[in-house]
Amino acid sequence: MKDNKTGIDESVVKRFTLGDMQAFDEIYSLFNYKLQKFIFSLVKNTTDTEDLVHEVFVKVWENREKLKAHSAFNSYLFTIGYNTTISFLRRRVHDTRYVEYVKSVQVETDDVDLVEQLDTEEMKEMLNNLIEKMPKRQREVFKMKHFKNSSYKEIAEALNISVNTVENHIVKAHRFLKEHLGKSYLAMLFFIDLFL
């Protein structure tokens, strides 16, 4: 049976989890281009993109046994890709360069974007004001995820709630920010992950 979103056969994923290198090659061929395109959209540099894609596939290989708990391989792979890229950017991006970086990952638009009109303190104030408007538990979950870099499992255990409940709070929090930030949502999300 294939994953409808990616076209990958479940048997390939199963063989991959058992250490089958041919299955790994199939997965690499299927996802390499998509992953490169995704990471390049964040780092804007070909050499860094190639290094990060390699790092992601190494991590996926080293943690292949965990795939048994993931029915959506595409989501699993790109989550690792996103987290690896954010870690890389945290190491490379300095506060004095944040405006140019945030603009570089902003979705292209003909309109004047909110991000281009704000300085660091204004951005922080706007985000903090929006976050404080979230329901209490949603706010707690959001801060633990984005400010403390806690995993869903760690948040669930700390707050004595289920992982599904954590996921629901995160989804609703992101939806809330998107509704208030519009086109600047993507850039603001990266700002949160990198600088707050």
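Residues numbered from 1 in each chain as written. Predicted model: local features only at pLDDT ≥ 70, side-chain atom pairs only at ≥ 80, totals over all residues. Heavy atoms only, no water.

1. Concerning helix H3 (residues 46–62)
What sets the pattern is the α-helix's 3.6 residues per turn: residues three or four places apart point alike.
Link 1 in the chain: For H3, built from 17 residues, the straight-helix expectation of 24 Å at 1.5 Å per residue is met to within 8% by its first-to-last C-alpha distance of 24 Å.
Link 2 in the chain: Buried residues belonging to H3 abut helix H1 (10–17), helix H2 (21–43) and helix H4 (73–92).
Link 3 in the chain: At the N-terminal end of H3, a side-chain oxygen is found 3.0 Å from the backbone nitrogen of Thr-47, two or three residues along, and the residue is Asn-45. (Helix = DSSP H or I, 4+ residues; strand = E, 2+ residues; numbered from the N terminus. Expected span 1.5 Å × (residues − 1). Contact = heavy atoms within 4.5 Å. Polar contact = N/O pair within 3.5 Å; in protein donor to acceptor, adjacent residues only side chain to side chain.)

2. Topic: the packing of H2 against H4
Link 1 in the chain: Axis separation between H2 and H4 bottoms out at 10 Å; the angle between their running directions is 35°. In the packing of H2 onto H4, the handedness of the crossing is right-handed. Note on element contacts: H4 touches H2 through Phe-73, Asn-74, Leu-77, Phe-78, Gly-81, Tyr-82, Thr-85, Phe-88 and Leu-89, opposite Ile-27, Phe-31, Lys-34, Leu-35, Phe-38, Ile-39, Leu-42 and Val-43.
Link 2 in the chain: The class makeup of the residues in the contact of H2 with H4 is 13 nonpolar, three polar and one charged. (Axes fitted to C-alpha atoms, helices over the stretch in contact; angles between N-to-C directions. Left-handed = near helix turned anticlockwise from the far one by under 90°. Nonpolar A, V, L, I, M, F, W, Y, C, P; charged D, E, K, R; others polar.)

3. A few points about the side chain of Thr-49
Link 1 in the chain: On the secondary structure map, Thr-49 appears in helix H3.
Link 2 in the chain: A polar side-chain atom of Thr-49 sits 2.7 Å from the main-chain carbonyl oxygen of Asn-45.
Link 3 in the chain: Those residues in contact with Thr-49 that lie beyond four places of it in its chain are Gln-36, Ile-39, Phe-40 and Val-43.

4. Some words on the packing of aromatic side chains
Link 1 in the chain: Enumeration over the complete set of coordinates arrives at seven aromatic pairs.
Link 2 in the chain: Centre to centre, the rings of Tyr-28 and Phe-57 are 4.8 Å apart; their planes meet at 50°, and the pair counts as tilted. Of this pair, Tyr-28 sits in helix H2 while Phe-57 is found in helix H3, placing the two residues 29 residues apart along the sequence.
Link 3 in the chain: Judged by its relative accessible area of 4%, Phe-57 falls in the buried class.
Link 4 in the chain: Chaining the aromatic ring pairs together yields one cluster made of Phe-16, Phe-24, Tyr-28, Phe-57 and Trp-61. (Phe/Tyr/Trp six-rings, centres within 6.5 Å; stacked < 30°, edge-to-face > 60°. Buried < 20%, exposed > 50% of the residue type's maximum accessible area, 1.4 Å probe, protein only.)

5. Side note on helix H10 (residues 163–181)
Link 1 in the chain: For H10, which comprises 19 residues, the first-to-last C-alpha distance of 27 Å matches the rise-based estimate of 27 Å (1.5 Å per residue) to within 8%.
Link 2 in the chain: Three or more residues of H10 are buried, namely Val-166, His-169, Ile-170, Ala-173, His-174, Phe-176, Leu-177 and Leu-181. Down the axis of H10, the buried set is contained in an arc of 155°. They therefore lie on one face. Away from its buried face by more than 90 degrees, H10 exposes Asn-164, Lys-178 and Glu-179.
Link 3 in the chain: Backbone geometry just downstream of H10 places Gly-182 in the positive-phi region, at approximately 55°. (Arc of directions from axis to C-beta.)

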